[in-house]
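Summary of structural features
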Amino acid sequence: MALVLIGALLVLSLVTTSAIVFWFFYALTVLVVVSYFWTKSAADNLRIRRTLANKWATTGDAIDEEILLSNLGRLPILLVELDDQSNLPGYSASVAENLDGRQTKRWISSGRALRRGLFSLGPMTVRTGDPFGIFLAEFDFPQVSTLVVYPPISVMPDFRIPTGSFFGNTRSNIRSPQVTADASSVRELVPGDEMKRIHWLSTARKMTLMVEEFDLEPAASVWLVLDMHRAVQSGSGDESTEEYAVKIASALAYQQVRDGKSVGLAAFGRERILVEPQKGTRQLWRILEQLATVSANGTAPFAEFLTETAPAFGRGMSLVAISPSSDLDWGTAMLNLGGRGLFPGAVLIDSESFGGTGSNKEVRELLATAGVSLRTVRQGQKFETIRAEIGADSYSGATPRSAFAVSRTASSARA
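Right, let's walk through the structure included here. Quick caveat, the model's predicted, so the values are computed rather than measured. (Residues numbered from 1 in each chain as written. Predicted model: local features only at pLDDT ≥ 70, side-chain atom pairs only at ≥ 80, totals over all residues. Heavy atoms only, no water.)

**Thoughts on the overall build of the chain**
Looking only at helices and strands, the chain has eight helices and 24 strands in total. Taken across its 415 residues, the chain has 49% of its residues classed as buried. Summarising the internal contacts of the chain: among those between residues at least 6 apart in sequence, 74% fall at separations of at least 24. Counting only carbon and sulfur atoms, one obtains 54% of the accessible surface of the chain, whose full area is about 19,300 Å². (Helix = DSSP H or I, 4+ residues; strand = E, 2+ residues; numbered from the N terminus. Buried < 20%, exposed > 50% of the residue type's maximum accessible area, 1.4 Å probe, protein only. Contact = heavy atoms within 4.5 Å. Areas by Shrake-Rupley, 256 points an atom, 1.4 Å probe, with all protein chains shown as cover.)

**Side note on the sheet that holds strand β4 (residues 77-84)**
Within the open sheet, the four strands sit side by side as β5-β4-β8-β9. Their pairing is antiparallel. Single-partner strands in this sheet number two, and they are β5 (95-99) and β9 (136-141). Recorded for the sheet is a direction-independent mean angle of 20 degrees between the axes of neighbouring strands. Alignment of β4 against β5, held across four bridges, turns out to be antiparallel. Pairing of V80 across the sheet is with E97, part of β5. (Pairing = 2+ DSSP bridges. Axes fitted to C-alpha atoms, helices over the stretch in contact; angles between N-to-C directions.)

**Focus on the pattern of salt bridges**
Applying the stated criterion across every chain yields a total of 14 salt bridges. D44 is paired through a salt bridge with K40; the nearest N and O atoms lie 2.9 Å apart. Highlighted residues: D44 and K40, both in helix α2 (residues 19-45), separated by four residues, approximately one helical turn. Given the relative accessible area of 42%, D44 is considered partly exposed. For R106, the salt bridge goes to E66, with nearest N and O atoms at 2.5 Å. A residue pair is termed long-range when its members are at least 10 positions apart, and R106 in strand β6 (residues 104-112) and E66 in strand β3 (residues 62-71) qualify at 40 residues. Of the residues examined, R106 reaches a relative accessible area of 54% and is grouped as exposed. Within the structure, one salt-bridge network assembled from shared partners comprises R115, R116, D238, E242 and E243. (Salt bridge = Lys/Arg side-chain N within 4 Å of Asp/Glu carboxyl O.)

**So, the packing of helix α4 (residues 241-258) against helix α5 (residues 281-293)**
A pair of packed helices is captured by two measures, namely the crossing angle of their axes and the spacing between those axes. Closest axis-to-axis distance for the α4/α5 pair is 10 Å, and the angle between their directions is 175 degrees. In terms of orientation, α4 and α5 fall into the roughly antiparallel class. On α5, the residues that touch V246, A249, S250, A253, Y254 and V257 of α4 are T281, L284, I287, L288 and L291. Per-class residue counts for the contact of α4 with α5 are nine nonpolar, two polar and no charged. (Parallel < 35°, antiparallel > 145°, perpendicular 65-115°, else oblique. Nonpolar A, V, L, I, M, F, W, Y, C, P; charged D, E, K, R; others polar.)

**Considerations on the side chain of R50**
Examined against the element boundaries, R50 turns out to sit in strand β1 (residues 46-52). Within the local environment of R50, its side chain forms a polar contact with the side chain of E65, the two groups lying 2.8 Å apart. (Polar contact = N/O pair within 3.5 Å; in protein donor to acceptor, adjacent residues only side chain to side chain.)

**Thoughts on unusual backbone geometry**
Cis rather than trans, the peptide bond between G122 and P123 has omega equal to 0 degrees. Along the chain, P123 falls in the loop between β7 (117-121) and β8 (124-129). With a phi angle near 60 degrees, R102 is a residue other than glycine that sits in the positive phi range. Here R102 falls in the exposed class, since its relative accessible area comes to 55%. A positive phi is found at M207, a non-glycine position, where the angle reads about 60 degrees. Its location among the elements puts M207 in the loop between α3 (200-206) and β14 (210-215).

**Focus: the nonpolar core**
Counting 43 residues, the largest nonpolar core has I248, L252, L291, V320 and I322 as the members making the most contacts within it. Looking at this core, the element that brings in the most residues is α4, giving 10 residues. Grouped together as the second largest cluster of nonpolar side chains are 27 residues, A266, F302, A312 and L367 included. (Core = buried A, V, L, I, M, F, W, Y, C linked by side-chain atoms within 4.5 Å.)

**Overview of α4**
Taking 1.5 Å per residue as the helical rise, α4 with its 18 residues ought to reach 26 Å, and the 25 Å between its terminal C-alpha atoms agrees with that figure. Among the 18 residues in α4, 17 count as buried, and that is most of the element. Remark: G260 follows α4 within two positions and exhibits a positive phi of approximately 75 degrees. (Expected span 1.5 Å × (residues − 1).)

**Comments concerning the pairing of β7**
Of the two faces of β7, the one lined by G117, F119 and L121 is fully buried and the one lined by L118 and S120 carries no buried residue. Taken together, the five bridges between β7 and strand β10 (residues 145-150) define a ladder with antiparallel strand orientation. Looking at the pairing, G117 lines up with V149 of β10.

**Considerations on the sheet that holds strand β2 (residues 56-58)**
Paired through backbone hydrogen bonds, the strands of a sheet run either parallel or antiparallel to each other. The sheet built from three strands is open, its strands ordered β2-β10-β7 with mixed pairing. Two strands lie at the open edges of the sheet, namely β2 and β7, each paired on one side alone. Taken over all neighbouring pairs, the strand axes of this sheet differ in orientation by 25 degrees on average, direction set aside.

None of the figures reported here should be taken as evidence of function without further support.
Spelled out as structure tokens, the structure:
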């Protein structure tokens, strides 16, 4: 628009030969040139730095991010807009600021981790211009920080997990995820197995990938298996069968670790998850890390997932299925696992209480008749939350310094 006005004034000054028109033409030309170089200087001399205080949090924790905005040039910047594109729900570092020449401003952008998941803080779109509003410079600031939000460490009334059986004094039929002195057997590779456990001689002989299993010292171990089939979920947000399943898995994992027992996790959402049973606080955080990002996007029915993953579970272990499904097939699959030497239990999430249409009454009756340990959870189930102490360690490949704080707060599943 300014260039059009300059052109019009030039034509008008040549036609009228008026000194006043020439004066306006020269003044506007100088103004446009000055504005252009002012805007260019602002864009070239802006510097931004974002520093996330912690790389991980648990649901409900405060999120603090330090932002430094610097002007390296001599000219002041009367307005710079930072348009944040972070995808953390309820958080935004968008702001409008002004800077003097050679000035740096620092502030803390705060928010709260409202939902579990893996989130990106950034990038930003930066806009600035000249004092007269003639030119606008817009560019992207690509820095992105990754934040993982763990689900809360939940506690609910203890569920009686069926106890596995062991044979002999020095060996057990519990399979170890680690290589031990007691080699047990080989089996076909299933999704989630580590490639380093492939037994190449057996693979060459059978012409299919085979993995080696090792015995663990006798100890009670349990698999937690989540139904993440998209078609059977009900509710929305925190009040959904998906979020309740995650909280239940968190509570059962904590219960096992607290009691000094081994616990593992299996699920099939966006991808297959297989965390083999181990003991200790580090194992709890491994499971929570998987629970942070698991989502009910699975396309395989729960019965199919249980059947396909059965070889990885190992004989003599306990297995607790967590599902809102009303499909009798998964109940039958659980009984079949019992016939293969596993000790099944189940937590049935009442989908009807979340607004779903299917009732799992028949599944409950089928499993109860077979003597399977059962627990039914409905919408509004109370959970107790154990707050985690955030350390400086990154979530990736590292365990937070402290497993749980002494602070325990009673809450509903909306925690």
